[in-house]
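Summary of the model geometry
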Amino acid sequence: MAEAAAAALVKVIFEKLADEAFKKYARSQNIHSELKELGSTLSQIQALLNDASHKEITDESVRLWLNSLQHLAYDIDDVLDEVATEAMHRELTPESEASTSMVRKLIPTCCTNFSLSHRLSPKLDSITTQLQQLYKAKAGLGLIVKDEKPKNYNRGNETSLLESDVIGREIEKEKLLNKLLQDEPCKENFSVLPIVGMGGVGKTTLARFLYNDTQVKGRFELHAWVCVSDDFDISKITKTIFQAVSNENNKEFADLNQLQVALKEKLKDKRFLLVLDDVWHENYDDWETLVLPFHSGARGSKVIMTSRKEQLLKMLGFDNLDHLKTLSSEDALSLFALHALGVDNFDSHPTLRPKGERIVEKCGRLPLALKAIGRLLRTHTDEEKWDEVLNSKIWDSKSVGDLSADWKAIFPALMLSYHELSANLKRLFAYCSLFPKDFLFDKKELVLLWLAEGFLYKSNAAKSPERLGYEYFEELLSRSFFQQSPNEEPLFVMHDLMNDLATFVAGEFFSRDDSRMEDSSKYRHMSFIRDKYVAYHKFEAFKRAKGLRTLLPVYVGVDQQWDEFYLSSKILVDLLPELPLLRVLSLSRFSINEVPNSIGSLKHLRYLNLSKTDIKELPDNVGNLYNLETLIVFGCESLTKLPKSFLKLKKLRHFDMRDTPCLKKLPLGIGELKSLQTLTKIIIEGHGGFALTELKVLKDLHGEISIEGLDKVQSSMHVREANLSLKGIDKLELKWDDVSGRETLEKEILNELKPHSDKLKMLEVKYYKGIEFPNWVGDPSFHQLVQVSLHGCRKCTSLPPLGQLPSLKELLIQGMDDVKVMSLELSRSTDVTFPSLEILRFEDMSSWKVWSTNSEVMFPRLRELQIIKCPNLIDVSLEALPSLRVLKIEGCGESVLRSLVKAASSTTKLEIGSILGLTDEVWRGVIVNFGAVEELFIQNCDEIRYLWESDAEASKVLVNLKELEH
């Protein structure tokens, strides 16, 4: 708890004090003696921390002592950061030195540094005095110096253990499956299936088992999962359901009524399964409003509701609820063994079984606790470690805070799991208390926040801090502190009880939203809910937090791109000067059009997120942010220029400027920022502007990069020099201007831009003017490549052999005007071609006439095919497409549709538009082959007078049709 954070911070302080360059500068500023005394006192206190870590669990006075130490450690770190920043300022502005050279000749050396010494010496003396007082208090607290027993983390053997089948619950599973698969008498078209129980008992796990059951999947036409928690926002919940059942993620609605009408149409006459996970709300009227669209569904629809509370369910008529009980002793022991030993029994470790049985009972047979303690003991098969867990004082601790009863029941097991983490991991986990319950977070974004807070720096570390961060993240994930989000695959979430634990261990240094604003002066890290209109009084509380390091807006629910959030410029102008110690500042998604000049005074700032704002430029004094490591302007569509002072950001590691279409120029010399690892856009200019050769210094670029203006490159040799920087790139966009080009040179340039084949996942080529592609495009050695887009390559007469890319899932070919025939050039093989391709789209192929294949097995996994605006395509020779479900043909001749009839007979969604020559006769010959179609959309096919001659004919052809739009 408090000891872990204090110990980690003290360690950072000692690393800074030991830095030779720092010591040299401190001597030049005449503050080295004060720092030496401070370090000596802090060293004495550090020796007491191991003993304090054991006593804080049961002794409130020790916990308060540790809190005081942590506040002082924050203050020390801020002072040291100020010294280091001043040193950087002197280094980057040598002209200031020159201007004072004459003064130095006249004034003694000890007096030239009067300003910094005068400013910091009293502060250092005061901190040292307070540290000495803390050290003197050791006797009254009974603290002694203890040798710390090193923790043994066998990280090489740890894996992120995937959820296995639900252990136990056979009776519950069978009972609930029967209810899902049978039509029970019900006055409504849908019925509610409740799963009620205390936190951590396994309600969500059981719901997930039911939701993913094969029989259940087959019975229901539509499926949706919503995590509700304590924020019962009807609009957000309805929006999530609509997106799940419609796949229309960008559709905009003016109000709840429009949204519910749209959902009602999607559910109409369809049997749906909906999971409402973790419902806390107990207002019956709100429930009635939420379910209004559900009544349009087909009979037999089901809503699984997991909840810890009974009141709402009783209002819905559930008088005798069956509570999900804890696991039986036998099942609990199997689950514990699975996570501790990797198998669901103790056959290989019989001596550990009695200890396991006792641990299971101490965990109350709660699955969440069993997983946490099991993963804590993973790789430890020595009895001593198991005894240590069994005999821990934490099982008897009463200091559980003012939190829910469920949390108090499970607290000892979760706390023990937390207690076994290293000090670094404890600090990283506590930081996540800034996230509200059910907040979905991205691994990379969280690691960048940890980086900004200084959590990831280790002296003499062989790995980059980012790599350390990813490893720490995986460790927390493997120990169940984080878990994969059930709906959003790349995102993560914390279980509610883990969120409670993070809040508890974070203590008085972290505050989330408005929950504890009465004494904000003590907080170092604060987050707040990003509302549509942020009230001024909310920021008044932030002003009192003079030592604040983190100001982070967060959002729970479906964060739609059209949602707008307003923040007045007055708030920013008034607030930022009051928070001089900020290290993390995010204004993401707020509708602000300028950044106040006061941003330049935040000299401790490491992370600045201005993504998706309306800013047009950055103030020139952004260059004063010498410590800035991460700058995010992603989605700033009005941003037109960057300041010249940008080149002073020598510590910048991550610069994300994706989706900034108005930004046409980069500052000269950006290639001198040698720490850069993320540089998402490069704009090549002619006539003395940014040149591609500037990249050759940037050896550590990772992630994605877009290179624009390749038509301005004069020599392929320049590309060869720069290409060394692309070895860590996994998403590459190469873009020429859409003007006439030099065919031979452009092929040479593209050839030299070959990225490393073991990294690349996405490739996009735009307006390339070569007649053919170099050999590397389509080479099967690119085994990670999953997405390829070739756009506007108008002079190419043939396509590269993309069919042998083993992992390719999505392919877009657009605007290739000179391609007339497509055959073997896509594969150059008669083996299985496009073995993994799922989505294929052709668009604006004005000269394309023939598409033939000569492969025994082609497109075995293709589920979506689109052919749009290919007016001259007349001959399509494709074999069966067994996995095809979506077929869209638009702006083509009727022969394309006729040619695809047999190959696309498994299609369930058919969209056709502006099909020339599609008469009644042709339509009747085609439609008989689409018996599997469930959704049919027809637009601008005016030559069809009627879809079928009679109801009798309709019943024979489109037998599975459920939705028709024309």
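The preceding data block contains the structure.
Below: a short report on this structure. (Residues numbered from 1 in each chain as written. Predicted model: local features only at pLDDT ≥ 70, side-chain atom pairs only at ≥ 80, totals over all residues. Heavy atoms only, no water.)

1. Side note on the overall build of the protein chain
- Scanning the protein chain for helices and strands turns up 33 helices and 30 strands.
- Relative to the compact-globule value of 30 Å for 966 residues, the protein chain shows a C-alpha radius of gyration of 32 Å, a close match.
- Seen through its principal axes, the protein chain has C-alpha atoms that stretch 100 × 80 × 55 Å.
- Put simply, the protein chain has 966 residues, and 54% of those count as buried.
- Pairs at least 24 apart in sequence give 68% of the contacts found in the protein chain among residues at least 6 apart. (Helix = DSSP H or I, 4+ residues; strand = E, 2+ residues; numbered from the N terminus. Rg over C-alpha atoms; globule rule 2.2 N^0.38 Å. Buried < 20%, exposed > 50% of the residue type's maximum accessible area, 1.4 Å probe, protein only. Contact = heavy atoms within 4.5 Å.)

2. Some thoughts on the environment of Ser-789
- Relative to the helices and strands, Ser-789 resides in strand E20 (residues 787-791).
- C-alpha separation for the pair Ser-789 and Ser-591, spaced 198 residues apart in sequence, amounts to 33 Å.
- Not counting residues within four places of it along the chain, the set of residues in contact with Ser-789 comprises Leu-763, Glu-764, Val-765 and Leu-812.

3. With respect to the pattern of salt bridges
- Taken as a whole and judged by the stated rule, the model has 54 salt bridges.
- Across the pair Asp-817 and Arg-794 runs a salt bridge, and its minimum N-O distance is 3.4 Å. Of this pair, Asp-817 sits in the loop between strand E21 (810-814) and strand E22 (821-822) while Arg-794 sits in the loop between E20 and E21; the two residues are 23 residues apart in sequence, bridging distant segments of the chain.
- Taking relative accessible area as the criterion, Arg-794 reaches 31% and is therefore assigned partly exposed.
- Lys-888 is the salt-bridge partner of Glu-890, the closest N and O atoms lying 4.0 Å from each other. (Salt bridge = Lys/Arg side-chain N within 4 Å of Asp/Glu carboxyl O.)

4. Some details on the nonpolar core
- Counting 139 residues, the largest nonpolar core has Phe-655, Ile-707, Trp-851 and Ile-867 as the members making the most contacts within it.
- Top contributing element to this core by residue count: helix H32 (residues 920-927), with 4 residues.
- Those residues within four positions of Ile-867 in sequence are excluded, and the remaining contacts are Phe-842, Trp-848, Trp-851, Leu-873, Lys-888, Ile-889, Glu-890, Cys-892, Val-896 and Leu-900.
- Of all hydrophobic cores here, the second largest spans 135 residues; its members include Leu-335, Ala-340, Leu-449 and Phe-481. (Core = buried A, V, L, I, M, F, W, Y, C linked by side-chain atoms within 4.5 Å.)

5. Digging into the sheet that holds strand E2 (residues 222-229)
- Spatially, 4 strands are ordered E1-E4-E3-E2 in an open sheet, and the strand pairing comes out parallel. Across the chains shown, the open sheet's two edge strands, defined by having one partner strand only, are strand E1 (190-196) and E2. Each strand of the sheet is rotated relative to its neighbour by a mean of 15 degrees, with strand direction disregarded.
- Here strand E3 (residues 272-279) runs beside strand E4 (residues 301-307); their pairing, made up of 5 bridges, is parallel. Residue Val-275 lies in a different strand from E4, and its bridge partner there is Ile-304.
- Contacts from helix H12 (residues 203-211) reach E1, E2, E3 and E4, with the element oriented near 170 degrees to E2. (Pairing = 2+ DSSP bridges. Axes fitted to C-alpha atoms, helices over the stretch in contact; angles between N-to-C directions.)

6. Structural notes on the pairing of E3
- Counting buried positions over the 8 residues of E3 gives 8, a clear majority of the element.
- In the sheet, E2 pairs with E3 via 7 bridges, with the strands oriented parallel. For Leu-222, the partnering residue across the bridge sits in E3 and is Phe-272.
- Regarding topology, helix H16 (residues 284-290) serves as the crossover connection from E3 to the parallel E4, and that connection is right-handed. (Right-handed = clockwise from strand over helix to strand, strands pointing away.)

7. Considerations on helix H2 (residues 20-28)
- Looking at H2, one finds that the buried residues are Phe-22, Tyr-25 and Ala-26. When H2 is viewed along its axis, its buried side chains cluster within an angular range of 105 degrees and face the same direction. Exposed residues lying more than 90 degrees from the buried face of H2 are Glu-20, Ala-21 and Lys-24.
- Here H2 starts with a cap whose side-chain oxygen sits 3.3 Å from the backbone nitrogen of Ala-21, and that cap is Asp-19. (Arc of directions from axis to C-beta. Polar contact = N/O pair within 3.5 Å; in protein donor to acceptor, adjacent residues only side chain to side chain.)

8. Some details on the packing of helix H18 (residues 329-341) against helix H19 (residues 353-362)
- H19 packs onto H18 with a crossing angle of 110 degrees between their chain directions and a minimal axis gap of 10 Å. Considering their axes alone, H18 and H19 lie roughly perpendicular with respect to each other. Residues Ser-329, Ala-332, Leu-333 and Phe-336 of H18 lie in contact with H19, whose contacting residues are Arg-353, Gly-356, Glu-357, Ile-359, Val-360 and Glu-361.
- Of the residues belonging to the contact of H18 with H19, the class tally is 5 nonpolar, 2 polar and 3 charged. (Parallel < 35°, antiparallel > 145°, perpendicular 65-115°, else oblique. Nonpolar A, V, L, I, M, F, W, Y, C, P; charged D, E, K, R; others polar.)

9. Concerning the packing of H18 against helix H20 (residues 367-377)
- Interhelical geometry of H18 versus H20 gives an angle of 35 degrees and a closest axis separation of 7 Å. Seen along the crossing, H18 lies across H20 with a hand that is right-handed. Side by side, H18 and H20 meet where Ala-332, Leu-335, Phe-336, His-339 and Ala-340 of the first sit next to Pro-367, Leu-370, Lys-371, Ile-373, Gly-374, Arg-375 and Leu-377 of the second.
- In terms of residue class, the contact of H18 with H20 is built from 8 nonpolar, 2 polar and 2 charged. (Left-handed = near helix turned anticlockwise from the far one by under 90°.)

10. Some details on a negative patch on the surface
- Together, Glu-252, Glu-564, Asp-614, Glu-637 and Asp-659 give the surface a local cluster of negative charge.
- Looking at the element boundaries, Glu-637 is found in the loop between strand E13 (630-632) and strand E14 (654-656). (Patch = residues over 30% accessible without salt bridge, like charges linked within 9 Å, V, L, I, M, F, W, Y side chains within 5 Å. Areas by Shrake-Rupley, 256 points an atom, 1.4 Å probe, with all protein chains shown as cover. Lys, Arg positive; Asp, Glu negative; His and termini not counted. Charge placed at Lys NZ, Arg CZ, Asp CG, Glu CD.)

11. Here's the deal with unusual backbone geometry
- Positive phi, normally seen in glycine, also occurs at Asp-659, with a value near 55 degrees.
- Looking at the secondary structure, you find Asp-659 in the loop between E14 and strand E15 (678-679).
- Look at Phe-859: it is not a glycine, yet its phi comes out positive at around 55 degrees.
- Among the structural elements, Phe-859 can be located in the loop between strand E24 (850-852) and strand E25 (864-868).

12. Re the state of the cysteines
- Inspection of the entire model under this criterion finds 0 disulfides.
- In this model Cys-636 remains outside any disulfide bridge; the closest cysteine sulfur is found in Cys-662, 11 Å from its own.
- Of the residues examined, Cys-636 reaches a relative accessible area of 0% and is grouped as buried.
- Its sulfur unpaired, Cys-796 is 5.2 Å from the next cysteine sulfur, which belongs to Cys-793.
- The class of Cys-796 is buried, set by a relative accessible area of 0%. (Disulfide = S-S within 2.5 Å.)

13. Some details on the packing of aromatic side chains
- Counting across every chain of the model gives 31 aromatic pairs.
- Taking the centre distance of 5.2 Å and the plane angle of 90 degrees together, the rings of Phe-242 and Phe-253 count as edge-to-face. Of this pair, Phe-242 sits in helix H14 (residues 234-246) while Phe-253 is found in the loop between H14 and helix H15 (256-267), placing the two residues 11 residues apart along the sequence.
- For Phe-242, a relative accessible area of 2% gives the class buried.
- A relative accessible area of 17% places Phe-253 in the buried class. (Phe/Tyr/Trp six-rings, centres within 6.5 Å; stacked < 30°, edge-to-face > 60°.)

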